[in-house]
Every structure is written in C-alpha cells, then in structure tokens.
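# Commentary on secondary and tertiary structure
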Amino acid sequence: MAYRNLMARLRDERFGIQFKLQAGQTVVFDNRKVLHGRNKFEDSTGRRHLHGCYVDRTEFQSRLRVLTQKYQ
C-alpha cells in the first residue's frame, strides 16, 4: 500500500518541477530531501556534459559558520 502511494505521487505532476539548464548554469540541492532525475536527452549534437559533486553536510555547516563569523 505504501509503495503504491509513493509511486502514484512520483508520477503526479503536482509534485514535480522540470526545467532545462542552459550552458554554464548550475543547480544545487539537498540530496537528502530531493528525489531527482533527468528526462531523456534530445539534442541534435548528441553532446552532453554533466558534472556532479557531493559535499559533506557537517563540513559545509562548519565552513559556513566560520565564514559568517569572519565577515559579519
């Protein structure tokens, strides 16, 4: 029952956001709180460059705290 409910929500357009990034644009999101994916790729050139990275949450929070104290 829970699985069917989840699958129904994943397919429901009300719970999704779609956008196309332009060359040079970046998207950043919390990987723990967002289910993400890509649609099929359709481009006459057939070229695609996708680069991903992960940042440790505690490292990010520590760096943000130090920089906030330094520049306030």
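Heads up: these notes are all about the structure in this document. Note that the structure is predicted; figures quoted are calculated from it, not measured.

So, about the overall build of the chain. In terms of regular secondary structure, the chain is built from 2 helices and 0 strands. By the compact-globule yardstick of 11 Å for 72 residues, the chain is too spread out, its C-alpha radius of gyration being 18 Å. Projected onto its principal axes, the C-alpha positions of the chain cover 45 × 45 × 20 Å. Per-residue burial for the chain yields a buried fraction of 1% across its 72 residues. Total accessible area computed for the chain in this model is approximately 8100 Å², and 52% of it derives from carbon and sulfur atoms.

Moving on to a nonpolar patch on the surface. The grouping of Ile17, Phe19, Leu21, Val27, Phe29 and Val34 at the surface amounts to a nonpolar patch, some 580 Å² of accessible area in total. Take Phe29: it is sitting in the loop between helix 1 (2–11) and helix 2 (57–71). Overall, Phe29 belongs to the partly exposed group, its relative accessible area being 38%.

What follows deals with the pattern of salt bridges. Applying the stated criterion to the full structure yields 2 salt bridges. Here Asp12 makes a salt bridge to Arg14, at a shortest N to O gap of 2.7 Å. A relative accessible area of 23% means that Asp12 is categorised as partly exposed. Salt-bridge contacts for Glu59 lead to Arg63; the nearest nitrogen and oxygen are separated by 3.1 Å. On the criterion of helical spacing, the pair formed by Glu59 and Arg63 is a turn pair, its members being 4 residues apart in helix 2. For Glu59, a relative accessible area of 42% corresponds to the partly exposed category.

About the thresholds
Residues numbered from 1 in each chain as written. Predicted model: local features only at pLDDT ≥ 70, side-chain atom pairs only at ≥ 80, totals over all residues. Heavy atoms only, no water. Helix = DSSP H or I, 4+ residues; strand = E, 2+ residues; numbered from the N terminus. Rg over C-alpha atoms; globule rule 2.2 N^0.38 Å. Buried < 20%, exposed > 50% of the residue type's maximum accessible area, 1.4 Å probe, protein only. Areas by Shrake-Rupley, 256 points an atom, 1.4 Å probe, with all protein chains shown as cover. Patch = residues over 30% accessible without salt bridge, like charges linked within 9 Å, V, L, I, M, F, W, Y side chains within 5 Å. Salt bridge = Lys/Arg side-chain N within 4 Å of Asp/Glu carboxyl O.

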